[in-house]
Amino acid sequence: MTAIPLQPPRRLVEFTLDGQEARVPEGATILDACRAAGKDVPTLCEGDTLTPKNACRVCVVEVEGARTLAPACSRRAEPGMSVRTDTERTRHSRRIVLELLASSVDLSTTPKVAGWIEEYEAKPERFGADAARLNEEPKVDNDLYVRDYDKCILCYKCVDACGEQWQNTFAISVAGRGFDARIAVEHDAPLTDSACVYCGNCIEVCPTGALSFKSEFDMRASGTWDESVQSETTTVCAYCGVGCNLTLHVQDNEIVKVTSPHDNPVTHGNLCIKGRFGYQHVQNRD
């Protein structure tokens, strides 16, 4: 049985969201309120298991009386505030951010971004072909996962998941400054020579596919990856007694990758190398 800590009830905060009265628990963010109200506010760097980093700025909203737009992912709801999520100012800001991101990195495997580009009428091509940031080949230096930094938007979620927020391995950091900033391991070494313990928690939080399972990378390269025909089954990891939940993604009767439910009180989306990658024994047909 999982023990659930009891906390005193939080009072409700009342404010105005797009002209409608909204009530959320104290401490909730504007993004929480938007999702509760069914409003589709785009976001890339926000993660439900991580502290907001305010890096992508796609979720900005307009708060009455504020000089600048506020990131909905980290701005707490306050009593009496008036928030607008779909003004010309917010749409213009989101359009520029999407144009800057889509012109500089490959967002082809980023969920929902194609729809947002169309919704906000973003035109990434206006910056020209020279806007691409890296133009480097994917790093395939191990059999578990691939680093394709041409898809990296520098959201820092992998750094946080590898660092003090979850894994505490600190294998991943940001190297360089300004336009030269990029995600790297120490001394930009191959992953096999780094402090990485291959938990794959960085893959779990990556919003763009810059970090992906080797199995997924190979299937995309061959044109066989098809999420529309994949099934998902949540089960319990059999390696030890911790009780981590695994979600098995299956295509053509083969496990193609493993994730973990973010709302699970044991794992919160995190796994170890065995849970994340140690599934081949169940489908070894040799």
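All of the points below concern the structure found in this document.

## Digging into the packing of aromatic side chains
By the definition in use, this model includes three aromatic pairs. Between the aromatic rings of Tyr-145 and Phe-277, the centroid separation amounts to 6.4 Å while the plane-to-plane angle is 10°, which identifies the pairing as stacked. Residue Tyr-145 is found in strand S6 (residues 145–147), and its partner Phe-277 is found in helix H7 (residues 273–277); the two are separated by 132 residues along the sequence. Each member of the pair, Tyr-145 as well as Phe-277, is classed as buried. With a centroid separation of 5.2 Å and an interplanar angle of 50°, the aromatic rings of Phe-213 and Phe-277 are classed as tilted. Of this pair, Phe-213 sits in strand S9 (residues 211–213) while Phe-277 is found in helix H7, placing the two residues 64 residues apart along the sequence. According to the relative accessible area criterion, Phe-213 is buried, its value standing at 3%. Assessed through its relative accessible area of 9%, Phe-277 is described here as buried.

## A few points about empty space enclosed by the protein
By the definition in use, this model includes three cavities of 30 Å³ or more. As a volume, the largest cavity reaches approximately 100 Å³. Considering the residues around the largest cavity, the lining is formed by 15 residues, among which Cys-152, Cys-155, Cys-158, Cys-206 and Ala-210 are closest to the centre. In terms of residue class, the lining of the largest cavity is built from 13 nonpolar, one polar and one charged. Estimated volume of the second largest cavity: approximately 90 Å³. When residues of the lining of the second largest cavity are traced back to their parent elements, those giving at least two are helix H4 (157–162) and helix H5 (201–205). Classifying every residue of the lining of the second largest cavity by side-chain character gives 10 nonpolar, four polar and no charged.

What counts and what doesn't
Residues numbered from 1 in each chain as written. Predicted model: local features only at pLDDT ≥ 70, side-chain atom pairs only at ≥ 80, totals over all residues. Heavy atoms only, no water. Phe/Tyr/Trp six-rings, centres within 6.5 Å; stacked < 30°, edge-to-face > 60°. Helix = DSSP H or I, 4+ residues; strand = E, 2+ residues; numbered from the N terminus. Buried < 20%, exposed > 50% of the residue type's maximum accessible area, 1.4 Å probe, protein only. 1 Å grid on protein atoms, 1.4 Å probe; cavity = no way out; pocket = protein on both sides within 12 Å on 5 of 7 lines; lining within 4 Å. Points joined across faces, edges and corners; volume = space filled by probe spheres on them. Nonpolar A, V, L, I, M, F, W, Y, C, P; charged D, E, K, R; others polar.

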